[in-house]
Amino acid sequence: VPLSFMKIMEESGTLEALSALKDEGKIRALGMSTKTVEGGMAALEICDVVMVTYNPWHTAEEAVLDRCAEKNVGVFVKKAFGSGHFGAIEGGQDPVRASLHFILNHPAASSIIVGTKSPHHLSRMQQNAAAANDAVEELKLAVSVGGKV
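Residues numbered from 1 in each chain as written. Predicted model: local features only at pLDDT ≥ 70, side-chain atom pairs only at ≥ 80, totals over all residues. Heavy atoms only, no water.

Chemist: Talk me through the state of the cysteines; I want residue IDs and the actual numbers.
Modeler: Under the definition given, this model contains zero disulfides. For C47, which is in no disulfide, the shortest distance to another cysteine sulfur is to C68 and amounts to 9.3 Å. (Disulfide = S-S within 2.5 Å.)

Laid out in structure tokens, this is it:
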């Protein structure tokens with residue numbers, strides 16, 4: 001029977017061991033990837049950074065990002081592109097560009113983790129790389145001229 005995420009956090013001793021290593025100066029930061037709001041909220045009380053799912057099609061964990069912004073806890077966003085299952089975007093905007101703009105408009109979002117799990121997904125990611133690069137350039141320009149992303 002798989003252990004629940006909260007049970008692992010509360011009973012495994014892993015976070016305490018990592019926290020002790022941080023206190024000893026053996027590691028610089030402590031982070032955790034979470035799957036629920038409850039897990040994210042618990043992790044941000046202990047960790048320097050949390051990894052959450054956040055994109056235009058999945059906003060259930062936005063409260064975790066909001067709390068991270070309040071507490072100055074870093075956020076790595078996973079599944080930024082909806083695992084390739086893009087939903088409809090208002091006005092027919094490119095979903096990669098729309099997702100980047102959406103995520104980076106949240107003050108807590110500091111990094112986006114992009115990955116793949118199959119050759120098919122990799123092929124699709126390669127097709128979207130140019131759009132992502134263009135979007136990043138647009139975001140850098142907007143920030144450099146003081147605009148909102």
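Having put the structure on the table, let's press on.
Chemist: Which residues make up the sheet that holds strand β2 (residues 49–53), and what values do they have?
Modeler: Adjacent strands of a sheet pair through backbone hydrogen bonds, lying either parallel or antiparallel. Overall, parallel pairing links the four strands, which are arranged β1-β2-β3-β4 in an open sheet. Because the sheet does not close on itself, it has two edges, and the strands there are β1 (31–33) and β4 (109–112). The sheet shows a mean angle of 25 degrees between the axes of neighbouring strands, taken without regard to direction. Pairing of strand β3 (residues 74–78) with β4, which is carried by three bridges, proceeds in the parallel orientation. Across the sheet, F76 pairs through a bridge with S111, a residue of β4. (Pairing = 2+ DSSP bridges. Helix = DSSP H or I, 4+ residues; strand = E, 2+ residues; numbered from the N terminus. Axes fitted to C-alpha atoms, helices over the stretch in contact; angles between N-to-C directions.)

Chemist: Give a description of the nonpolar core that names residues and reports values.
Modeler: C47, V50, L65, C68, V75 and V77 are the most contacted members of the largest nonpolar core, which has 24 residues in total. Those elements that provide at least two residues to this core are α1 (5–11), α3 (37–44), β2, α4 (62–71), β3 and α5 (95–104). If near-sequence neighbours (up to four positions away) are discounted, V75 is found in contact with V49, V50, V52, L65, C68, A108, A109, S110 and S111. (Core = buried A, V, L, I, M, F, W, Y, C linked by side-chain atoms within 4.5 Å. Buried < 20%, exposed > 50% of the residue type's maximum accessible area, 1.4 Å probe, protein only. Contact = heavy atoms within 4.5 Å.)

Chemist: Explain the pairing of β3 to me, using residue names and the numbers behind them.
Modeler: Inspection of the sheet shows β2 paired to β3 by five bridges, in the parallel sense. When the sheet's bridge partners are listed, V50 is paired in β3 with V75. Remark: the β2/α4/β3 crossover connection has right-handed handedness. (Right-handed = clockwise from strand over helix to strand, strands pointing away.)

Chemist: Summarise the environment of G39; cite the residues concerned and give the values.
Modeler: Among the structural elements, G39 can be located in helix α3. Along the chain, G39 and M6 lie 33 residues apart, while their C-alpha atoms are 6.2 Å from each other.

Chemist: Please give an account of the pattern of salt bridges that cites residues and values.
Modeler: A complete count under the given rule lists five salt bridges for this structure. With a shortest N-O distance of 3.2 Å, E45 and K71 are connected by a salt bridge. Of this pair, E45 sits in the loop between α3 and β2 while K71 sits in helix α4, and the two are 26 residues apart along the sequence. Its relative accessible area of 33% is what places K71 among the partly exposed residues. Connected through salt bridges with shared partners, the residues E45, R67, E70 and K71 form a single ionic network. (Salt bridge = Lys/Arg side-chain N within 4 Å of Asp/Glu carboxyl O.)

Chemist: Summarise the side chain of E61; cite the residues concerned and give the values.
Modeler: Positionally, E61 belongs in the loop between β2 and α4. Notably, E61 is buried but unbridged: the nearest opposite-charge side chain belongs to K78, and the N-O separation is 6.0 Å. Excluding anything up to four places from it in sequence, E61 contacts T34, K35, T36, V37, V52 and T53. (Lys, Arg positive; Asp, Glu negative; His and termini not counted.)

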